[in-house]
Amino acid sequence: METHQYTVKRPAHCSGTGLHTGKTVSLSIFPAPINHGIVFTRTDLLSRPAIPAKYDRVIDTTLATTLGDSQCQISTVEHLMAALHALGIDNAQVEVDAQELPIMDGSSWPFVELLNEVGRSKQKELRKYIRIVRPLSYSNKDKSIRIEPAKNFKISGSIDFDATLIKKQQFSTTITRQKFVQEIAKARTFGYVEQVEALWKNGLALGGTLDNVIAIHWNRRSVLNEGGLRYQNEFIRHKILDIVGDVALAGAPILGHIIANRSGHSLHHEFLQLLFDNPDCWEYITLPE
């Protein structure tokens, strides 16, 4: 845990395919001043609207996390947010020329490489943390999420799918820069191949390919991707990656232990809303220099 805020040392640029539109998207990350936070700007719109990466700006959680309002939106922010959060970037201006971020390879890894390439710059302001002081739980049908006090940021996740390839998977890790890079960042998004085909028929996921999605075979025992899995339990690791990215919308790093079962973007968002509706469960702190 670090005491001060950080921004990127110099501008970073990349481009890739938008998962839903299938069109090429260009993305740039610029240094930003203290207490700026992460803010997205749509450069393809004349007014260049700015959208803060905050939980109260989430407008949709179908298939991805989408920020904005009725006039402007930016979708699929979770993989970049996970990389920024885990690598300790508090302030950045993110410019994108489409309504969604590029999906890259379906994980946070390309963003991790990009951010590591440009480096970080320490700023003259202490970083605020959200320290959990009382447990808080939330459930919706068979999905649940809970947070407990802890000295660091830890996530324990579990999933249960009917696919023989997945079945029950559990993973628990403290989210540090090193552990995120080694254990989480390369885990890709996934889906059953017929689900992807159905999305295509409905004009969605037009950019989805085996280069950016793990496609689970019809037999539920293998994947269609030629290289196979990056981790034996890549599925639960990607779920944890999504938690990191969605929880980053709290606006400050959390000191607490998240325990999630069958979670998804909607559950993460509903839980953050509940957390901020219960201010007796947390407090803002800074760390001594």
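Quick note: structure is the one above.
No experiment lies behind these values; they were computed from the predicted model shown.

To continue, consider the overall build of the protein chain. In terms of helices and strands, the protein chain carries six helices and 19 strands. The C-alpha atoms of the protein chain give 18 Å as radius of gyration, which agrees with the globular expectation for 289 residues (19 Å, within 12%). A principal-axis box enclosing the C-alpha atoms of the protein chain has dimensions of 55 × 45 × 35 Å. Buried positions account for 53% of the 289 residues belonging to the protein chain. When the accessible area of the protein chain is evaluated, it comes to approximately 13,200 Å², of which 48% is carbon and sulfur surface. Between the averaged position of the 32 positive side-chain charges in the protein chain and that of its 31 negative side-chain charges there is a distance of 5 Å.

This part is about the sheet that holds strand S5 (residues 50–52). One open sheet holds the five strands; their spatial order is S2-S3-S9-S4-S5, and the pairing between them is mixed. Strands at the two margins of the open sheet, each flanked by one partner only, are strand S2 (12–17) and S5. With strand direction ignored, the average angle separating the axes of adjacent strands in the sheet is 25°. One ladder, built from six bridges, connects S2 with strand S3 (residues 24–31); its direction is antiparallel. When the bridges of S3 are listed, Gly-16 appears paired with Val-25. Each of S3, strand S4 (38–42) and strand S9 (92–96) touches helix H1 (residues 78–86); the most contacted strand, S4, lies at about 145° to it. Sheet contacts for helix H2 (residues 109–118): S2 and S3; angle to S2, the most-contacted strand, approximately 165°.

What follows is about the side chain of His-269. With respect to the helices and strands, the residue His-269 is situated in helix H6 (residues 265–276). If we ignore the near neighbours within four places in the chain, the residues touching His-269 are Tyr-55, Val-58 and Thr-61.

Another aspect to go through is the side chain of Ser-28. Turning to its location among the elements, Ser-28 is positioned in strand S3. Under the relative-accessibility criterion, Ser-28 is labelled buried at 15%. A polar contact of 2.7 Å, which involves the side chain of Ser-28, links it to the side chain of His-13. In contact with Ser-28, not counting residues within four places along its chain, are Ala-12, His-13, Gln-93, Val-94 and Glu-95.

Another point: the pattern of salt bridges. Here the structure, examined in full by the defined rule, presents 13 salt bridges. In this structure, Asp-105 and Arg-230 form a salt bridge, with 2.9 Å as the shortest nitrogen-oxygen distance. Placement of Asp-105 in the loop between S9 and H2 and of Arg-230 in the loop between strand S17 (214–216) and helix H5 (234–247) is noted, with a sequence separation of 125 residues between them. Taking relative accessible area as the criterion, Asp-105 reaches 12% and is therefore assigned buried. Of the charged contacts in the structure, one is a salt bridge between Glu-148 and Arg-146, with a shortest N-O distance of 2.8 Å. Because the salt bridges share partners, they merge into one network encompassing Glu-2, Asp-90, Arg-120 and Arg-127.

If you look at the biggest cluster of nonpolar residues, it comprises 75 residues, and the most contacted ones within it are Ile-29 and Phe-40. Per-element tally for this core: the top contributor is H5, with seven residues. Excluding residues within four positions of it along the chain, Phe-40 makes contact with Pro-49, Ala-50, Ile-51, Ala-53, Leu-67, Ile-74, Val-77, Leu-80, Met-81, Gln-93, Val-94 and Leu-101.

Take the packing of helix H3 (residues 177–184) against H5 next. One way to put it is that H3 packs onto H5 with a least axis distance of 10 Å and a crossing angle of 140°. Taken together, H3 and H5 sit at an angle that is classed as oblique. From H3, Phe-180, Glu-183 and Ile-184 reach across to H5, where they touch Arg-237, Ile-240, Leu-241 and Val-244. When grouped by side-chain class, the residues that make up the contact of H3 with H5 number five nonpolar, no polar and two charged.

Taken N-terminus to C-terminus, the directions of H1 and H2 make an angle of 40°; their axes are 9 Å apart at the nearest point. As the angle between them shows, H1 and H2 are arranged oblique. In this structure, H1 crosses over H2, and the sense of that crossing is right-handed. Where H1 approaches H2, its residues His-79, Leu-80, Ala-83 and Leu-84 are matched on the opposing element by Phe-111, Val-112 and Leu-115.

Each value, and the rule that gives it
- Residues numbered from 1 in each chain as written.
- Predicted model: local features only at pLDDT ≥ 70, side-chain atom pairs only at ≥ 80, totals over all residues.
- Heavy atoms only, no water.
- Helix = DSSP H or I, 4+ residues; strand = E, 2+ residues; numbered from the N terminus.
- Rg over C-alpha atoms; globule rule 2.2 N^0.38 Å.
- Buried < 20%, exposed > 50% of the residue type's maximum accessible area, 1.4 Å probe, protein only.
- Areas by Shrake-Rupley, 256 points an atom, 1.4 Å probe, with all protein chains shown as cover.
- Lys, Arg positive; Asp, Glu negative; His and termini not counted.
- Charge placed at Lys NZ, Arg CZ, Asp CG, Glu CD.
- Pairing = 2+ DSSP bridges.
- Axes fitted to C-alpha atoms, helices over the stretch in contact; angles between N-to-C directions.
- Contact = heavy atoms within 4.5 Å.
- Polar contact = N/O pair within 3.5 Å; in protein donor to acceptor, adjacent residues only side chain to side chain.
- Salt bridge = Lys/Arg side-chain N within 4 Å of Asp/Glu carboxyl O.
- Core = buried A, V, L, I, M, F, W, Y, C linked by side-chain atoms within 4.5 Å.
- Parallel < 35°, antiparallel > 145°, perpendicular 65-115°, else oblique.
- Nonpolar A, V, L, I, M, F, W, Y, C, P; charged D, E, K, R; others polar.
- Left-handed = near helix turned anticlockwise from the far one by under 90°.

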